[in-house]
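# Structural overview for review
If you want the building blocks of each chain, they are given just below.
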Amino acid sequence: MSGGPAVRISIESSCEKQVQEVALDGTETYVPPLSMSQNLAKLAQRIDFSQGSDSEEDVEGEPKDREWGKQDGEEEEGTVKFQPSLWPWDSVRNNLRSALTEMCVLYDVLSVVKEKKYMALDPVSQDPAAGKTPQVFQLISKKKSLATAAMILQKGAEKLSKSVTENQENRRQRDFNSELLRLRSQWKLRKVGDKILGDLSYRSAGSLFPHHGTFEVIKNTDIDLDKKIPEDYCPLDVQIPSDLEGSAYIKVSIQKQAPDIGDLGTVSLFRQQQKNKAGTQQWHVKLEAAQNVLLCKEIFAQLSREAVQIKSQIPHIVVKNQIISQPFPGLQLSISLCHSTGEKKNNRASPEKPKPDDHLYVLEHNLHQMMREFHKQQLSSVVIPHPSSAPFAHKRLRLAGPLAYDKAEISSWQQTEGLLEKMIKQAKHIFLRRRSIQLQLNIGVEQIRVVHRDGRVVTLSHQEQELQDFLLSQMSQHQVHAVQQLAKVMGWHVLSFSNHVGLGPVESIGNASAVTVASPNGEYAISVRNGPESGCKVLVQFPRSQIKELPKSDVIQDAKWSHLRGPYKEVHWSKMEGRNFVYKMELLMAALTPCP
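An unreviewed UniProt entry lists the protein chain under the name Mediator of RNA polymerase II transcription subunit 17, from Maylandia zebra. We quote the UniProt Subcellular location (unreviewed entry) comment for the protein chain here in full: "Nucleus". Quoted verbatim from the Subunit (unreviewed entry) field of the UniProt record, the comment on the protein chain reads "Component of the Mediator complex."

Now the structure itself:
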C-alpha cells in the first residue's frame, strides 16, 4: 500500500472440517480435528527464533521503515517485501538447542532426587494407643457385620423365591388361558356366575334328547410348585356328569337261539379302549368319551321308545339295557347298550371264558349314521316364521274341491320308518345273504358231484386233493363275488370284475379273481385281488388332494386335477375289525362312504 509501511494481517481458518474424501454414494469423509498436542506442535513450527533473539533490531527497524515509506511512497502499489533465505546451519542450531534443554531438565531432576535440600519426605507421627483395639470389640464388630450380611442375603433369597413363585403362578395362569382358548375353539362354553360351563349335547344339531349334557371347566391346582412339573401336566380340567363317565357303545348281534328271560338285560361285553394319540390333552379325551356315551344313550332311548310304540306280531322286549326283536321265527336281533366305567370294569372281571364276539360293527355304524340323519331332519323341519294372516301348509292342501288331499294321503306323508324298523330290515338282509351263499355236495360211491347256485355241476374223482383245490378256488371266487354284491348294496359302483386275472403271480391252483369298486361320490376306490394260493390283497385308492407324499408337478397346474384319485395303498387286512371277510369289507366301505 502507498503512504505507509505494509501491515501484517493474521488470518485463521474457519472451524469447519476439511473434506478428505467423497464416496460414490455421496458420503463425505472429514479430516479428524487435531488434538491439543498436535495443535501446539503446529503452532510452534510457525515461530521464527532468529527474529526474537535480538531486540535492538526491532527498535532500529522502526525509523528505517518510516524512511522507506517516505522514500518509496511514490512507487507502484504492488511492491512486496522479500524475506531472505534462512541460515544454512539453522536446523543444526535448533537441534542442539533442544538437546541442551533436555540435558538441563535431566540434570535438575537428578539433583532433586539426589540432594535432600530440595525435597524431603518426613513420616507422619501416629498415636500408638489409637492403633490397638480390644479383641472383644473386634469380635462384636465382626458379628454385627456378619449379621448384616446374613440379613441382606436372606432378604435377597426371599425376594428370589417370591419372584419364582409369582412367575410360576403367572405361567400357570397364562397356560390356563391358552388351554381355555383351545377348549373354546372346539366346544361350546358359557360363563354362569363365577363358573365356566360347557355343552356336550347335540341340541344345536337337532337332538331332542332331554339330557342337559353340561360339564364344568375347572383350574387344575393339584400340583406342587416346589416339585418338578410333569410332562403331561395340564392346567385345565373338566368335570363331567357322573352318568356320562367311562365309555359306551351299542352292541348289535343276530342270534339263532333265544336266551332265557332271566338272562336278558345282563349284557356286559366291553371292548378294549383305544390308546390316546400322542399330544392329545386329557380333557379332550374325556369330553369325546362323554359325548359318545350321551349319543349312545340317546340312540338306545329312541330304540326303546319305538320298540314300545311299534305294534308287531311278535312284540319287542325291552329289559334294562337290552332290546330283543325277532325278524324271523327262530332268529332274534339283540341291541344292547354297553356302558362301563373304570372302577366297575375292574370289579366285574370274572374267571369265565370270554364269549366269541358276534357284534355287527356295520349295524352299529349304521345306527350312528341314522341318528345323525334324524338330527338333520329335525333341524331342517323348523318352519320359517310366516305372517299372522298367511295360511300354512302346501298350496294344494289349501285348494278346495276335488283336488284337495284327504286324511289318508296326508297321514301317508307323515309315516316314516324309525330307527328300529330300519335296523330290523338290515338284519333281515344280512341273515338272508348268509343263507344264499351255499354249495351242494352230492357224494356218491366213486365220485363227488358239486352243484353250484346257478345250476352248474362239477364232477370230482375220489382224490382228496381235487376236492381241496376246488374248494379253495371257490372260496377265492366267492370273496370277490361277495365284494361285487356288497358294492351294489352299499351304493358303490363296480368299475371292473374278472374271474381270471392275467396279471400278477401265477397261481398253481386255478386262477386269481379281482374286482375294483368306487365310492358313491367317486373319491375312493377299493381293489381286491384274491387267489387260491396267494390269498387276499386289498388296496385303497385315496383322492389326490389327501395324499401329502405325492410330489407336486410343474406341468399340472389346474386345481381340477386334484380331484383325481392318487396311487393305491395296501390295507393291513389282518388288523381290520370283524369276524370274516364280508364283515371287514362292509366296515371298510362304510368308513369310506361320505356322510349325507
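### A look at the pattern of salt bridges
By the definition in use, this model includes four salt bridges. Ionic pairing is found between Asp 90 and Arg 93, a salt bridge with its closest N-O pair at 2.5 Å. Separated by three residues within a single helix, Asp 90 and Arg 93 lie in helix 4 (residues 90-114), roughly one turn from each other. Among the ionic pairs, Arg 203 bridges to Asp 199, the shortest N-O distance being 3.5 Å.

### Comments concerning the pairing of strand 7 (residues 247-255)
The element strand 7 is extensively covered by neighbouring structure, given that seven of its nine residues are classed as buried. Where strand 7 meets strand 10 (residues 331-340), nine bridges bridge the pair, whose relative direction is antiparallel. For Tyr 249, the partnering residue across the bridge sits in strand 10 and is Cys 338.

### Concerning the nonpolar core
Within the largest apolar cluster, 47 residues are counted, with the highest numbers of intra-cluster contacts made by Leu 200, Leu 236, Ile 250, Leu 287 and Ile 335. Put simply, the parts of the chain that give this core at least two residues each are helix 5 (135-186), strand 5 (214-219), strand 6 (236-239), strand 7, helix 6 (282-309), strand 10, helix 8 (361-380) and helix 10 (419-436). With 11 residues, the top contributor of residues to this core is helix 6. Each residue touching Leu 287, except ones within four places of it in the same chain, is listed here: Leu 183, Trp 187, Leu 200, Phe 215, Val 238 and Ile 240. Ranked by size, the runner-up nonpolar core spans 19 residues in total, among them Val 517, Tyr 524, Val 538 and Val 571.

### A look at the environment of Val 538
Within the secondary structure, Val 538 sits in strand 17 (residues 535-543). Taking the C-alpha atoms as reference, Val 538 lies 9.8 Å from Ala 514; in sequence the two are 24 residues apart. Contacts of Val 538, omitting those with residues within four sequence positions, involve Ile 526, Ser 527, Val 528, Lys 569, Glu 570, Val 571, Trp 573, Met 585 and Leu 588.

### A closer look at unusual backbone geometry
Residues other than glycine seldom take positive phi values, yet Lys 320 does so here, at roughly 55 degrees. Within the secondary structure, Lys 320 is located in the loop between strand 8 (317-319) and strand 9 (322-328). A relative accessible area of 68% means that Lys 320 is categorised as exposed.

### Comments concerning the sheet that holds strand 13 (residues 457-460)
Read from one edge of the open sheet, three strands run 11-12-13, paired in antiparallel fashion. Sheet topology places strand 11 (440-443) and strand 13 at the edges, where each strand pairs with a single neighbour. Within the sheet, the average angular offset between the axes of one strand and its neighbour, ignoring direction, is 20 degrees. Summarising the sheet, strand 11 and strand 12 (residues 448-451) pair through four bridges and their orientation is antiparallel. Across the sheet, the residue bridging to Asn 442 is Arg 449, located in strand 12. Against the sheet, helix 11 (residues 464-490) contacts strand 12 and strand 13, and its axis sits at roughly 150 degrees relative to strand 13.

### A short note on the pairing of strand 9
The element strand 9 is largely enclosed, with a buried count of five among its seven residues. Looking at chain direction, strand 8 and strand 9 are connected through three bridges and run antiparallel. Within the sheet, the bridge partner assigned to Val 319 lies in strand 9 and is Gln 322. Linkage of strand 8 to strand 9, two consecutive antiparallel strands, is achieved through a turn of two residues, within which Lys 320 is found at a positive phi near 55 degrees. Two strands pair when backbone bridges link them, and strand 9 and strand 10 are joined in this way by five bridges, in the antiparallel orientation. Looking at the pairing, Ile 324 lines up with Ser 334 of strand 10. The hairpin formed by strand 9 and strand 10 contains two residues between the paired strands, and Gly 330 there has a positive phi angle of roughly 80 degrees.

### Here we look at the packing of aromatic side chains
Given two aromatic rings, one states the distance between the centres and the angle between the planes to describe the pair. Scanning the model with the defined rule gives three aromatic pairs in all. Consider the rings of Trp 187 and Phe 215, whose centres lie 6.5 Å apart with planes at 85 degrees: the pair is edge-to-face. Taken together, the residues Trp 187 in the loop between helix 5 and strand 3 (188-192) and Phe 215 in strand 5 connect sequence positions 28 residues apart. Assigned by exposure class, Trp 187 and Phe 215 land together as buried. For the pair Tyr 524 and Phe 542, a centre-to-centre distance of 5.9 Å together with 80 degrees between the ring planes defines the contact as edge-to-face. Pair noted here: Tyr 524 is in the loop between strand 15 (513-518) and strand 16 (525-531) and Phe 542 is in strand 17, with a separation of 18 residues, a long-range link. Overall, the relative accessible area of 26% leaves Phe 542 in the partly exposed class. Looking at Lys 428, its charged tip hangs above the ring of Phe 328, at a distance of 5.6 Å from the centre.

### A word on helix 12 (residues 581-592)
With 12 residues, helix 12 should cover 16 Å at 1.5 Å per step; its first-to-last C-alpha distance of 17 Å lies within 8% of that length. Taking burial as the measure, the 12 residues of helix 12 include 11 buried ones, the bulk of the element. Buried within helix 12 we find Phe 581, Val 582, Tyr 583, Lys 584, Met 585, Glu 586, Leu 587, Leu 588, Met 589, Ala 590 and Leu 592. N-capping of helix 12 is provided by Asn 580, with a side-chain oxygen placed 3.3 Å from the backbone N of Val 582.

### What to know about the sheet that holds strand 17
In space, the five strands of this open sheet follow the order 14-15-16-17-18, with antiparallel pairing throughout. Two strands lie at the open edges of the sheet, namely strand 14 (493-498) and strand 18 (565-570), each paired on one side alone. Averaged over neighbouring strand pairs, the angle between their axes works out to 15 degrees when direction is ignored. Relative to strand 17, strand 16 is paired through seven bridges, and the arrangement is antiparallel. By the bridge assignment, Val 528 is partnered in strand 17 with Val 538. Relative to the sheet, helix 11 contacts strand 14, strand 15, strand 16 and strand 17, its axis offset from that of strand 15 by approximately 15 degrees. Sheet strands in contact with helix 12 are strand 15, strand 16 and strand 17, and its direction is about 165 degrees off that of strand 16.

So, how was this worked out
- Residues numbered from 1 in each chain as written.
- Predicted model: local features only at pLDDT ≥ 70, side-chain atom pairs only at ≥ 80, totals over all residues.
- Heavy atoms only, no water.
- UniProt positions renumbered as here; feature names shortened; annotations may be inferred.
- Salt bridge = Lys/Arg side-chain N within 4 Å of Asp/Glu carboxyl O.
- Helix = DSSP H or I, 4+ residues; strand = E, 2+ residues; numbered from the N terminus.
- Buried < 20%, exposed > 50% of the residue type's maximum accessible area, 1.4 Å probe, protein only.
- Pairing = 2+ DSSP bridges.
- Core = buried A, V, L, I, M, F, W, Y, C linked by side-chain atoms within 4.5 Å.
- Contact = heavy atoms within 4.5 Å.
- Axes fitted to C-alpha atoms, helices over the stretch in contact; angles between N-to-C directions.
- Phe/Tyr/Trp six-rings, centres within 6.5 Å; stacked < 30°, edge-to-face > 60°.
- Lys NZ or Arg CZ within 6 Å of the ring centre and 35° of its normal.
- Expected span 1.5 Å × (residues − 1).
- Polar contact = N/O pair within 3.5 Å; in protein donor to acceptor, adjacent residues only side chain to side chain.

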